[in-house]
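The chain contents come next:
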Amino acid sequence: MSDATHTIVIFGASGDLTKRKLIPALYHLYAQERLPDNTIIVGYSRSALAHDEFRGRLREWVEPSSEFNVETWDRFAQTIFYSAGNLDNTDDLKRMDAFVADKEQGTANRLYYLAVAPEFYEGALNSLNALGLAQQDNGWRRVVVEKPFGTNLETARALNQVIHKGFSEDQVYRIDHYLGKETVQNLLFFRFANAIYEPIWNRSYIDHVQITVSESVDVEQRGDYYDKAGVLRDMFQNHLMQLLALVAMEPPISLQADALRNEKVKVLRAVRPIKVTDTVRAQYEGYLEARGVDPGSQTPTYAAIKLFIDNWRWQDVPFYLRSGKALAGKTSEIVVQFRRPPSLFFNLGRGKQLEPNVLSLCIQPDEGIHFRFLTKVPNEVSEVQAVDMDFHYRSSFKDTALPDAYERLLLDAINGDAALFTREDEIERSWELIDGVLSGWNKPQAQPMQSYPHGTWGPEEAEMLLADDGRVWRINCGDHR
Ligand code: BG6
């Protein structure tokens, strides 16, 4: 290990993200001795707090973890410090900088983590830039930016410009926590570490692809944020577009950040502008009564979209994407449905077709992979039945708990590996696609807002989106199969 100090400065230290995700992740990494030796964590936010007070507040978020150990915590806590200040106040930031500089020895690498509400990004970045805190004279300087990254193409571009006043692109780590999920990374391994799938991963063999990211929770206490965002900005622009890119992209020449991101951006660029008639938007019943939600709100809590990718691999293969809150279950899954073989000699009955082979990539919560294929029914001459070949992480990797996405992402940012972070062109292209749908929805002739009862799989119109193409949505993971 190097002698350099690694400092993680968390802006928004008293916020939810810090308590729920960042500190527990850093604690686990520390306990597993995966953080560089001289790592210190400095929390920065407005309230005046003593170091010990701050440490005490964080402890209660780590204590419930099964990995909690008092001695390890006590040692870890000694690496945590606190500096109070406003984000756009350069004097406060100078004080933080002087405090940190005093703790740092030798080469000092710094990761600035913007765990604040997005309206504070610009002020914070401008102050960091103005104070020269992005300069890499004595060690590297990196900045982690949380989502939402902008609210449309224009604001995302503006934010990129603010960032680039001080930080070059290779110093920027834009988080999409889906990329930190073990099972999302496994999409790449599954596709490219196995010889048998890639040759059939194209329009000649694949009938269509479905991506479902459903949540059973509703907007809960987040009405204020959510009503301004809606499902397209909250889930599609980032998580669903990233899943789409990983499923559909060409093989990268390596897993190195730019090689991977070049391929993702290429496939996103090949997405045909989405037709508004290929979309469905809906609100769950009761959404308008949620706290923070405008009673006349037109914000969708559910959307389903059909899109096409205009390249050699995917021309004319529909990709159906859906996501929503207050649905019948929580599941993130990708279904790849293969074309049907000719039904020549099977005893199917009039007008019936053979069931297609279906590959289901279960991202969460029942992490695994299932492959549905047809088999002969014993003692019958020509009857077939669909059966599943199943892989579950929980049984194949019994002794290995799946790490939280933030552990992997924090470590990668410290190690300078940006492969699981989104590059500016990816973000901008995703916004371009989403903006197209949003502006379509604002036109008078747009599809009307639908509604759906809490605890269902969404509105009837979303079923029709597939039914019109002779297809059905599938849930093949977890208890909802
Ligand atoms: C976040 C969204 O990015 O992802 C939330 O802002 C959503 O609205 C969450 O609930 C879902 O993440 P996960 O990891 O629980 O699927």
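In this text, all values refer to a predicted model and were calculated from it rather than measured experimentally. (Residues numbered from 1 in each chain as written. Predicted model: local features only at pLDDT ≥ 70, side-chain atom pairs only at ≥ 80, totals over all residues. Heavy atoms only, no water.)

## Considerations on the environment of Phe 54
Here is step 1 of the chain: Within the secondary structure, Phe 54 sits in helix H2 (residues 51-62).
Here is step 2 of the chain: On the basis of relative accessible area, Phe 54 is assigned to the buried category, the value being 3%.
Here is step 3 of the chain: For Phe 54 and Ile 80, which are 26 residues apart along the polypeptide, the C-alpha to C-alpha distance reads 8.4 Å.
Here is step 4 of the chain: Other than its neighbours up to four places away in sequence, Phe 54 contacts Ala 13, Gly 43, Leu 49, Ile 80, Phe 81 and Tyr 82. (Helix = DSSP H or I, 4+ residues; strand = E, 2+ residues; numbered from the N terminus. Buried < 20%, exposed > 50% of the residue type's maximum accessible area, 1.4 Å probe, protein only. Contact = heavy atoms within 4.5 Å.)

## Quick word on the state of the cysteines
Here is step 1 of the chain: Counted under the stated rule, the structure contains one disulfide.
Here is step 2 of the chain: One disulfide in the model links Cys 362 with Cys 477; its S-S distance is 2.0 Å. Taking the sign of the S-S torsion, about -80 degrees here, the bridge from Cys 362 to Cys 477 comes out left-handed. Here Cys 362, found in strand E12 (residues 358-364), pairs with Cys 477, found in the segment after helix H13 (460-467); they are 115 residues apart in sequence, far enough to count as distant. With respect to class, Cys 362 is no different from Cys 477; both count as buried. (Disulfide = S-S within 2.5 Å.)

## Concerning the site of the ligand
Here is step 1 of the chain: Around the ligand sit Lys 147, His 177, Tyr 178, Lys 181, Glu 215, Arg 222, Asp 234, Met 235, His 239, Lys 325, Lys 330 and Gln 364, and those are all the residues in its vicinity.
Here is step 2 of the chain: Measuring from an oxygen atom of the ligand, one finds a side-chain N or O atom of Glu 215 at 2.5 Å.
Here is step 3 of the chain: Separating an oxygen atom of the ligand from a side-chain N or O atom of His 239 is a distance of 2.7 Å.
Here is step 4 of the chain: Among the elements that take part in the shell around the ligand, helix H8 (residues 223-248) stands out by supplying three residues, more than any other.
Here is step 5 of the chain: Looking at the shell around the ligand residue by residue, the classes come out as two nonpolar, three polar and seven charged. (Near = heavy atom within 4 Å. Polar contact = N/O pair within 3.5 Å; in protein donor to acceptor, adjacent residues only side chain to side chain. Nonpolar A, V, L, I, M, F, W, Y, C, P; charged D, E, K, R; others polar.)

## Here's the deal with the side chain of His 208
Here is step 1 of the chain: Summarising the element assignment, His 208 is placed in strand E7 (residues 206-214).
Here is step 2 of the chain: Here the side chain of His 208 touches Asp 207 through a polar contact of 2.8 Å, side chain to side chain.
Here is step 3 of the chain: Within the structure, His 208 has its side chain in polar contact with the side chain of Arg 471 (distance 3.4 Å).
Here is step 4 of the chain: In this structure, His 208 is in contact with Val 317, Pro 318, Tyr 320, Val 335, Val 336, Gln 337 and Arg 471, ignoring residues within four places of it in sequence.

## Some thoughts on the side chain of Asp 92
Here is step 1 of the chain: Position of Asp 92 among the secondary structure elements: in helix H4 (residues 90-103).
Here is step 2 of the chain: Residues contacting Asp 92, with those up to four places away along its chain left out, are Tyr 44, Ala 84, Gly 85 and Asn 86.

## Some words on the environment of Phe 11
Here is step 1 of the chain: Summarising the element assignment, Phe 11 is placed in strand E1 (residues 5-11).
Here is step 2 of the chain: Residues Phe 11 and Val 116 lie 105 residues apart in sequence; the distance between their C-alpha atoms is 6.3 Å.
Here is step 3 of the chain: Not counting residues within four places of it along the chain, the set of residues in contact with Phe 11 comprises Tyr 44, Leu 87, Leu 93, Met 96, Tyr 112, Tyr 113, Leu 114, Ala 115, Val 116 and Leu 128.

## A look at the packing of H2 against helix H3 (residues 70-77)
Axes are the key here: two packed helices are described by the angle between their axes and the distance separating the axes.
Here is step 1 of the chain: Direction vectors running N to C along H2 and H3 enclose 140 degrees, while the axes themselves pass 11 Å from each other. One way to sum up the angle between H2 and H3 is to call them oblique. Crossing hand, H2 versus H3: right-handed. Taking contact as the criterion, the partners of Arg 55, Leu 58, Arg 59 and Val 62 in H2 are, on H3, Val 70, Trp 73, Asp 74 and Ala 77.
Here is step 2 of the chain: The residue makeup of the contact of H2 with H3, split by class, is five nonpolar, no polar and three charged. (Axes fitted to C-alpha atoms, helices over the stretch in contact; angles between N-to-C directions. Parallel < 35°, antiparallel > 145°, perpendicular 65-115°, else oblique. Left-handed = near helix turned anticlockwise from the far one by under 90°.)

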